[in-house]
Every structure is written in structure tokens, then in C-alpha cells.
Amino acid sequence: QVQLVESGGGLVQPGGSLRLSCAASGFTFSIYRMGWYRQAPGKQRELVATLTSGGTTNYAVDVKGRFTISRDNAKRTVFLQMNSLKPEDTAVYYCNANHVYRDYWGQGTQVTVSS
């Protein structure tokens, strides 16, 4: 059974940091492209960052330089380090695993950036 379980969300002040984690099970983690997406109220889900099995990263323009995606294949976990957070980063953040025609999603974790 495939599971992606996100954690680490919460309320943070502008300029603060959070680290999201996504623990994976039920598939061959190391060969999957892992990613983080987010969805703000009233908006479509959008890409935040992806990391391929070979180590290639891709970031949305508005998070580049502030967010860092990484993975630990031994622990079957993908991380998203978020620094210099802004109110517009407020959203539900979803973990994604993708390989060819297989596409899995976590349940999401809320990130709220507010003073």
C-alpha cells in the first residue's frame, strides 16, 4: 500500500523558516521523482520543487533561492526546507511521487505565514 505522509507544517511569522518532511512507503522510493506542490485557497495546485532520482532539481520561480528540496533514500523521505517565508507562501503543501505513469500524492500539510 502506497503512503506519503507529510509533516512539519504550521504557523510561522514572515521571514521565518519551516522544514517539511514526507515519509514514503509502498513503492521503490529511490527511482521516483519526488516533489512538493502547494494549493492556496481559491487557487490551483502549483509546483513548488521537484527532485529526480538522479539529483536534478527544479524550482518554481518565486521560491528559488528560498526553498531547498532534498531526499534521503535510505530513510525514504523527502524534505523541503523553506526559508524567508512570505505570507503568499501560505498554502496546503502536498508531497508527490512520480515515475512514468505512476503518480502518488500525500494528504497535505498546512503552512500559514502570518504575523
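The rules behind these values
Residues numbered from 1 in each chain as written. Predicted model: local features only at pLDDT ≥ 70, side-chain atom pairs only at ≥ 80, totals over all residues. Heavy atoms only, no water. Phe/Tyr/Trp six-rings, centres within 6.5 Å; stacked < 30°, edge-to-face > 60°. Lys NZ or Arg CZ within 6 Å of the ring centre and 35° of its normal. Core = buried A, V, L, I, M, F, W, Y, C linked by side-chain atoms within 4.5 Å. Buried < 20%, exposed > 50% of the residue type's maximum accessible area, 1.4 Å probe, protein only. Contact = heavy atoms within 4.5 Å. Pairing = 2+ DSSP bridges. Helix = DSSP H or I, 4+ residues; strand = E, 2+ residues; numbered from the N terminus.

Colleague: Explain the packing of aromatic side chains to me, please; I cannot follow it from the model alone.
Modeller: The geometry of two aromatic rings is summed up by the distance between their centres and the angle between their planes. Per the counting criterion, the structure on display carries five aromatic pairs. Each member of the aromatic cluster is reached from another via a ring pair, and the members are Phe27, Phe29, Tyr32 and Tyr104. Positioned above the aromatic ring of phenylalanine 79 is the side chain of arginine 19, whose terminal nitrogen or guanidinium carbon lies 4.0 Å from the ring centre. Its guanidinium or amino end placed over the ring of tryptophan 105, arginine 45 lies 4.6 Å from that ring's centre, counting from NZ or CZ.

Colleague: Help me out: how do you make sense of the nonpolar core in this one?
Modeller: Of all hydrophobic cores here, the largest spans 29 residues; its most connected members are Trp36, Leu80, Met82 and Tyr93. For methionine 82, the contacting residues outside a window of four places in its chain are Gly16, Ser17, Leu18, Leu20, Arg66, Phe67, Tyr93 and Val111.

Colleague: Help me out: how do you make sense of the pairing of strand E5 (residues 46–51) in this one?
Modeller: Along a regular strand, successive side chains alternate from one face of the sheet to the other. Pairing of strand E4 (residues 33–39) with E5, which is carried by five bridges, proceeds in the antiparallel orientation. When the bridges of E5 are listed, arginine 38 appears paired with glutamate 46. In sequence, E4 turns back onto E5 through a hairpin of six residues, with glycine 42 there showing a positive phi of about 75°. Across three bridges, the pairing between E5 and strand E6 (residues 57–59) is antiparallel. Residue leucine 51 lies in a different strand from E6, and its bridge partner there is threonine 57. Remark: five residues form the turn of the hairpin made by E5 and E6, two consecutive strands paired antiparallel; glycine 55 in that turn has positive phi of roughly 100°.

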